[in-house]
Amino acid sequence: MEVPARDLIYLYCITKSKPHCDELPKTGIKTYSIYAQGIYAIVSKVSSGKFSEENLKKKIIDMSWVERNVRQHESVVEAIMEKTTVVPFKFASVFKTDKNVEKFLKEHNAEFKRTIADLKDAEEWGLKIYCNPGKLKALLEEENEMIRGKAREIVSAGKGKAYFLKKKRDEFIKNMLNEKISEYTQDSFERSKGMSLRAKINKILPKEVTEKKEDMVLNSVFLVNKKRITGFNGVLVNLKAKYFDKGLSFDCSGPWPPYNFCSICSNEGKHE
Amino acid sequence: MNNVMLKSKDVTLLEILDRVLEKGVVISGDVVISVADVDLVYLGLKVLLSSVETMERLRGAPFAGAGEEPT
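Rules used throughout
Residues numbered from 1 in each chain as written. Chains lettered and ligands numbered in written order. Predicted model: local features only at pLDDT ≥ 70, side-chain atom pairs only at ≥ 80, totals over all residues. Helix = DSSP H or I, 4+ residues; strand = E, 2+ residues; numbered from the N terminus. Buried ≥ 20, exposed ≤ 12 C-beta atoms within 10 Å, placed from the backbone. Contact = placed C-beta atoms within 7 Å. Core = buried A, V, L, I, M, F, W, Y, C linked by C-beta atoms within 7 Å. Domains from an automatic or database assignment. pLDDT = per-residue confidence, 0-100.

## What about the overall build of chain A?
- The number of helices and strands found in chain A is 10 helices and 9 strands.
- Expressed as a percentage of the 272 residues in chain A, the buried residues total 35%.
- Contacts spanning at least 24 positions in sequence make up 77% of the contacts within chain A whose residues lie at least 6 apart.

## Regarding the overall build of chain B
- Helix and strand counts for chain B come out as 3 helices and 1 strand.
- Along chain B, from the amino end to the carboxyl end, the secondary structure elements read β-α-α-α.
- Taking all 71 residues of chain B together, the buried fraction comes to 23%.

## Some words on the nonpolar core
All names here are of chain A.
- Counting 67 residues, the largest nonpolar core has L11, Y12, C13, A41, V43, V87 and V101 as the members making the most contacts within it.
- Each of two domains, domain 1 (7-120) and domain 2 (124-261), supplies a minimum of three residues to this core.
- Those residues within four positions of Y12 in sequence are excluded, and the remaining contacts are I42, V43, H73, V76, V77 and F89.

## A few points about the confidence of the model for chain A
- Averaged over all residues, the pLDDT of chain A is 87; the fraction at 70 or higher stands at 90%.
- Note that pLDDT drops below 50 for residues 1-5 of chain A; the model gives that stretch 5 contacts with residues more than four away or on any other chain.

## Let's talk about the environment of R71 of chain A
- Position of R71 of chain A relative to the elements: it lies in helix α3 (residues 63-81).
- Considered as a pair, R71 of chain A and T84 of chain A are 13 residues apart in the sequence and their alpha carbons are 20 Å apart.

## Considering the confidence of the model for chain B
Residue and element names in this part refer to chain B.
- The share of residues in chain B with pLDDT of 70 or more is 21%, and the mean pLDDT across the chain is 54.
- Helix α2 (residues 35-38) is the least confidently modelled element of chain B, averaging 41 in pLDDT, while helix α1 (residues 13-20) averages 80, the highest of any element.
- The model gives residues 29-45 a pLDDT under 50, and that stretch makes 30 contacts with residues more than four places away or in other chains.
- Note that pLDDT drops below 50 for residues 61-71; the model gives that stretch 14 contacts with residues more than four away or on any other chain.

Now the structure itself:
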């Protein structure tokens, strides 16, 4: 089917079973599917005015435009995900014509089929851990014998020496704080990974982005078998309780389309 | 405290941007808009991200260089 030149084809995700494309009332977007060799691409028509390179460059600085469109993308993928396994695409994956999408499906057919098989019955869950360093520091100062010893030394030392000892103690506490955070986040990651099919660590995000008072200390994602969600949840509940008084808070979100576990174009998984 | 799980519909824009703009299948070839251009959407955040990475490296990140765990 040829489309008029001014229309572009926006690709949301790929599935193996025929998607329920017309029934996406929540999203308000009219989608349809393009089929080739056993897989479907879920697409919608968008105007080249909106998604042209030139317009995108103008719009990307407008956070409300970005938010609206990114949320729309996500809502379409989530609606499809309710019924079947999806391979989600990155925002603004746009083709010129239906034919080109069809060609794309054929060219990467084996990769997509393998990815869909890999992701069957699995959900992506995200775990972000935040730390209140003040709380953890206070706890260390109270409980750690070495730090308490250093505090006693400072009290009994002369003015000049006390200044030097304080600096040494602060350095010691800072290192211990980092060590403890590493230990706690590693433990949390490993235990969660134990309940997962696959696990990944993403970049730590700064406060300007997270808009949280606490520091992010772990940004991780897990691919979890649907049958093991209860177990996965149980692990998180235990971790949350275990580290609550250490100043850590756990932010878990999901189920997500498996954005973090489907990169067919990178080296990852190419020769598995 | 019995359930730490959240539903994705309640999550912040951050969670969605972290996925929809950063992850997902990346296409190349006969595509009108190259992904490199789309990455500009995230430029503001990227600058912040890289500064934090540097910070993390300096203080010794818990998982320096960790990517996907081998399966």
